[in-house]
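Residues per chain, in single letters:
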Amino acid sequence: MDGNLGAILLWGVAGLAALLLLIWVVAGVVHARRKPSEPPAPTPPPGAPPRPHRVITESGTLAPAGSLLRPDAEPQRYSWDEPRSHRRFSRWPVAFATVAVLAAVAGGMTWLQRDRDAAADRQSAEGCPDTILRVAAAPEIAPVIEAAARKLAPEGATCGPVYVGAEEPSTVGSGVQKPDVWIPSSSAWLDLAAAGGTTYDTKGGPLARSPIVIAAPAKTAARFAKKDKTSWAALIDSVSKQRVKDVAMPDPQHNTVGMLSVYAVQAAMNKTTPDDGIAQLRALTLRSRLTDANADPSVLLRDHATEVFPTTEQQLAKDTDLTTLYPQDAMIEADYPYAISRTTKQRDLANKLRAAITTKSLTAAGFRAEADPRALKLPDDPSRLTRTAQQWSQYRTFPFQVLLLVDGSGSMNQKVTDKGGRVTTKATLLRESGANANTLFGDDTSIGMWYFSSPTPESTPHVEAVPLGPLTDDINGKSRREVMGAAMAAYKAVDDAGTPLYRTVLDGVDSMRSKAKEGTMNIVIVLTDGQDEESDFTMTQQAFLDQLQKDADPRKPVPVIAVGLGQDADMNALNAMAKATGGQAISATNPADVASAIAQAFLAAHAPR
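Keep in mind it's a predicted model, so treat the numbers as computed, not measured.

**Quick notes on the confidence of the model for the protein chain**
- In this model, the protein chain carries an average pLDDT of 82, and 79% of its residues clear a pLDDT of 70 or more.
- Contacts from residues 1-11, a stretch scored under 50 in pLDDT, to residues over four places away or in other chains number ten contacts.
- Under a pLDDT of 50 for its full length, residues 29-42 has, in the predicted model, nine contacts with residues more than four places off or in other chains.

Put into structure tokens, the structure is as follows:
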């Protein structure tokens, strides 16, 4: 049934029902108000005792039983039980009938609307009868593509040969049914699709572009930007120093803005140091401080509930309440390739659609027609995008307590060459990496640090450099984070000192178990370049593992994340302790990779469990 005809018929039926109801109501009222002829005196039931008359006046008042009315009094009726035809007209049937009619009308209109919505859904899903080309476009550019598609429809037609659906690229990429034409918000999605075996042709370059920008209120923007220029490095610095406390980002595994932003942040940090590991630590500082790492881009733009977040220039163009900031250290663009499936049978129509999409219509919608020469190029290997995106996406924020056990034995003073070609020591690399790692931990973290070595037979296996406690706690006028930074900067390995590795790990795990809190993750991170040797606390690996197992409490698990630095690290022992406690062992064969190893340890501590 045609939707408009159905609506007309339904409203006609409703009107007729209402008219009949009105006539019935009026008739009932008139009948109730009409003066009835005097009814015959009712006959009492056989055997009923005499009953006094009830005197009911015409006005409806009840006179005292047995009373006589004056001759000039109003007419009277006598009855034990009033005949039904003479009672007052009841409004309850009217109310019931009214509700019934309204319910019928509402139900009918609901049915009709549902039928029309279902028809619309079927049209969207299956297309019009004449639809032969299915196009999936990123939601922000879909209106421009739809307008172009209408040009290809016959004059006066409600639908044509092209159906355009607004779909997120991640949804299209993971879907079973692939479109004839795909216009994602980044060419990166095509590379990821190709890696999965689905290929498209992209002749002529992207349709449009829009740079990734940072959105912030003017007052907040002034803390890390000058006019409309800023940098990812400046934002990270402001976040680590708590000048900016509220930063959100969409999920980089499912959103173009999130994916490109994470890649740009890493690229910006790579420019600050030749050490990839330190660069990763600095980038992770931003990840660890995000207040929302799975933000809905539309909600961010609509509600302005978050101070700082990345988006595209095109999306932010109409928002006058937020400042548009352009990161100068790593600019990156969302581009919109016009990709035609190699399996489509409608290539000619796909080419006609592309020709119908004008530069004028795209720029009017806020997109750029030309690429920015300063923009980063996407990596040829899409795994470089997905690897970092996955790390950020899988990172979990939760309260946790961590105890760092740092090897202070003489072997840490051995000379090595860092990533920049500088000759230094493992201890120096650890100090520098530790300074960067100190900014990673969130304010809800409790942290402590021990050094372990055995310079003399009388030495204890370890010393407490920083007592365990919340990073925000005050220690002699300084925050624990500041004290941690100072302790890392002052770290020195002792020449000729032994390595009481096993005893220190046992004591560290036992200490953390005794301080376990419900709802808090308790972790021990060990950094060492050697093996358990040359101390009065030396024990066999089996004796160590037996004791570790004996002391374990399933109700209070303490995973050990063990990092081995250099080729002399006993990875067999580190793997064994990690396996026994549900932790992870990380090997940095090249001591210059100590920062990368610490970054991996940090990610492992925050990985889903």
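**A closer look at the side chain of Gln280**
- Locating Gln280 in the fold gives a position in helix H9 (residues 276-289).
- A relative accessible area of 14% means that Gln280 is categorised as buried.
- Setting aside residues no more than four positions away along its own chain, Gln280 makes contact with Gln266, Gln391, Ala599 and Leu603.

**Things to note about helix H14 (residues 383-394)**
- For H14, with twelve residues, the first-to-last C-alpha span of 16 Å sits near the 16 Å given by 1.5 Å per residue.
- Taken residue by residue, H14 has Leu385, Thr388, Ala389, Trp392 and Ser393 as its buried positions. In an axial view of H14, the angular spread of the buried residues amounts to 135°, which keeps them on one side of the axis.
- Contacts made by the buried residues of H14 are with helix H5 (187-195), helix H8 (256-270) and H9.

**What about the pairing of strand S23 (residues 560-565)?**
- Within S23, six of the six residues are buried, which leaves it mostly tucked inside the rest of the structure.
- A two-sided burial pattern is seen for S23, the buried positions comprising Val560, Ala562 and Gly564 on one face and Ile561, Val563 and Leu565 on the other.
- Summarising the sheet, strand S22 (residues 521-528) and S23 pair through five bridges and their orientation is parallel. Opposite Ile525, over in S23, you have Ile561 as the bridge partner.
- With helix H18 (residues 541-551) bridging S22 and the parallel S23, this β-α-β connection has right-handed handedness.

**Topic: empty space enclosed by the protein**
- If you walk through the whole model with that rule in mind, you get three cavities of 30 Å³ or more.
- Looking at the largest cavity, its volume works out to about 140 Å³.
- Taken together, 13 residues make up the lining of the largest cavity; nearest its centre are Leu404, Ala437, Phe441, Leu527 and Ile598.
- When contributions to the lining of the largest cavity are tallied by element, the ones reaching two or more residues are helix H15 (426-437), helix H16 (480-489), S22 and helix H20 (594-605).
- Of all the elements, H20 adds the most residues to the lining of the largest cavity, at three residues.
- Among the residues making up the lining of the largest cavity, the classes are represented as eleven nonpolar, two polar and no charged.

**Comments concerning the sheet that holds strand S14 (residues 339-341)**
- Strands sit in the order S5-S4-S6-S14-S7 across an open sheet of five strands; the sheet is mixed. For this open sheet the edge positions go to strand S5 (162-166) and strand S7 (200-201), each flanked by a neighbour on one side alone.

**Some words on the packing of helix H17 (residues 501-514) against H18**
- Axis separation between H17 and H18 bottoms out at 10 Å; the angle between their running directions is 5°. With respect to each other, H17 and H18 are oriented roughly parallel. Counted together, Tyr502, Val505, Leu506, Val509 and Arg513 of H17 and Gln541, Phe544, Gln547, Leu548 and Asp551 of H18 form the full contact between these two elements.

**Observations concerning the nonpolar core**
- Core analysis: the biggest nonpolar cluster contains 115 residues, and Ile141, Ile145, Ile183 and Leu353 have the highest contact counts within it.
- Setting aside its immediate chain neighbours within four residues, Leu353 contacts Leu133, Val135, Ile145, Ala148, Ala149, Leu152, Val162 and Tyr338.
- Formed by 24 residues, the second largest nonpolar core is a distinct cluster that contains Val505, Leu506, Val558 and Met571.

About the criteria used
- Residues numbered from 1 in each chain as written.
- Predicted model: local features only at pLDDT ≥ 70, side-chain atom pairs only at ≥ 80, totals over all residues.
- Heavy atoms only, no water.
- pLDDT = per-residue confidence, 0-100.
- Contact = heavy atoms within 4.5 Å.
- Helix = DSSP H or I, 4+ residues; strand = E, 2+ residues; numbered from the N terminus.
- Buried < 20%, exposed > 50% of the residue type's maximum accessible area, 1.4 Å probe, protein only.
- Expected span 1.5 Å × (residues − 1).
- Arc of directions from axis to C-beta.
- Pairing = 2+ DSSP bridges.
- Right-handed = clockwise from strand over helix to strand, strands pointing away.
- 1 Å grid on protein atoms, 1.4 Å probe; cavity = no way out; pocket = protein on both sides within 12 Å on 5 of 7 lines; lining within 4 Å.
- Points joined across faces, edges and corners; volume = space filled by probe spheres on them.
- Nonpolar A, V, L, I, M, F, W, Y, C, P; charged D, E, K, R; others polar.
- Axes fitted to C-alpha atoms, helices over the stretch in contact; angles between N-to-C directions.
- Parallel < 35°, antiparallel > 145°, perpendicular 65-115°, else oblique.
- Core = buried A, V, L, I, M, F, W, Y, C linked by side-chain atoms within 4.5 Å.

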